[in-house]
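# Remarks on the overall topology
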Amino acid sequence: MMKYIIVDDETASHNNIKDYASNIPNLSHQESCFNAFEAMEYLNNNTVDLIFLDINMPKLSGFDFLKTLSNPPRIIVTTAYKEFALEGYELNIDDYLLKPFSFQRFIAAINKVSDLIKQSGST
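Now for a look at the structure at hand. The residue numbering used here restarts from 1 in each chain and proceeds along that chain's sequence as written. With the structure being a predicted model, the display of local features is reserved for residues of pLDDT at least 70 and the display and counting of side-chain atom pairs for 80 or more, all residues being used for whole-chain, interface and lining totals. Neither water nor hydrogens contribute to the side-chain values; these are computed over all heavy atoms in the structure.

Paired through their backbone hydrogen bonds, the strands of a sheet run either parallel or antiparallel. Pairing within the open sheet is parallel, and its five strands lie in the order E2-E1-E3-E4-E5. In this open sheet, the two strands that pair with only one neighbour each are strand E2 (27-33) and strand E5 (95-98). Within the sheet, the average angular offset between the axes of one strand and its neighbour, ignoring direction, is 20°. Two strands pair if DSSP finds at least two bridges between them. Helix and strand definitions here come from DSSP, where helices need a minimum of 4 consecutive H or I residues and strands a minimum of 2 consecutive E residues; each element is numbered from the N-terminal end. Note that strand E1 (residues 2-7) and E2 share six bridges and pair parallel. For Tyr-4, the partnering residue across the bridge sits in E2 and is His-29. Every angle, taken between N-to-C directions, lies between 0 and 180 degrees, and every axis is a line fitted to C-alpha atoms, over only the stretch in contact when it is a helix.

Think of a nonpolar core as a cluster: buried Ala, Val, Leu, Ile, Met, Phe, Trp, Tyr and Cys residues, connected wherever their side-chain atoms sit within 4.5 Å. Using a 1.4 Å probe on the protein chains alone, a residue whose accessible area is under 20% of its type maximum counts as buried, one over 50% counts as exposed, and one in between counts as partly exposed. Within the largest apolar cluster, 22 residues are counted, with the highest numbers of intra-cluster contacts made by Ile-5, Val-7, Leu-43, Ile-51, Leu-53 and Phe-65. Looking at this core, the elements with two or more residues in it are E1, helix H2 (36-45), strand E3 (50-53), helix H3 (62-68) and strand E4 (74-79). Note on contacts: a residue pair is in contact if any heavy atoms of the two residues lie within 4.5 Å. What Val-7 contacts, discounting residues up to four positions off in sequence, is Cys-33, Asn-35, Ala-36, Ala-39, Ile-51, Phe-52, Leu-53, Asp-54 and Met-57. Grouped together as the second largest cluster of nonpolar side chains are 18 residues, Tyr-4, Leu-50, Ile-76 and Phe-106 included.

Okay, the pattern of salt bridges next. Salt bridge, as used here: a side-chain nitrogen of Lys or Arg that lies within 4 Å of a carboxyl oxygen of Asp or Glu. Overall, the coordinates contain seven salt bridges when judged by the stated rule. The shortest N-O distance in the salt bridge between Lys-99 and Glu-10 comes to 4.0 Å. Placement of the pair is Lys-99 in the loop between E5 and helix H5 (103-120) and Glu-10 in the loop between E1 and helix H1 (11-21), with a sequence separation of 89 residues. Classification of Glu-10 by relative accessible area gives partly exposed; the value is 41%. Arg-74 is paired through a salt bridge with Asp-94; the nearest N and O atoms lie 3.0 Å apart. Note that Arg-74 is positioned in strand E4 and Asp-94 in the loop between helix H4 (85-90) and E5, a separation of 20 residues in sequence.

Moving on to the packing of aromatic side chains. By convention here, two paired aromatic rings are described through the distance between centres and the angle between planes. Any pair of Phe, Tyr and Trp rings, taking the six-membered ring for Trp, is counted once the centres come within 6.5 Å. Such a pair is stacked with planes under 30 degrees apart, edge-to-face with planes over 60 apart, and tilted for the rest. For the structure shown, the criterion picks out seven aromatic pairs. Between Tyr-20 and Phe-103 the ring centres are 5.2 Å apart and the planes differ by 55°, which places this aromatic pair in the tilted class. Placement of the pair is Tyr-20 in helix H1 and Phe-103 in helix H5, with a sequence separation of 83 residues. For Tyr-20, a relative accessible area of 15% translates into the label buried. Assessed through its relative accessible area of 30%, Phe-103 is described here as partly exposed. When the centroid spacing of 5.5 Å and the interplanar angle of 15° are considered together, the rings of Phe-52 and Phe-106 count as stacked. Taken together, the residues Phe-52 in strand E3 and Phe-106 in helix H5 connect sequence positions 54 residues apart.

The following block contains the structure:
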């Protein structure tokens, strides 16, 4: 089972990801965080395998939040901004979903992360 959280300031994005993920049996939604500070608090006490991470959020961007994590889980960026893709990969994200993304593209990202987790022997 791959445990995930969503870090995004838009409710519609949370709903879309949860709807897509509900069709994939090995995904388990753990928490919905609407800013980076909620995510920090959750991760201080919990472990997850995957974060769906928005970039453009108030106070602390997704990438600035990612830079604070000493041992981040797998990261799938979910954003409307294609111009940040290179920076994302420089931060070792696993995939970059450009909003609005299709269910097919979502599955491809999940399969990629799942394969990476299996290769690393975690979960």
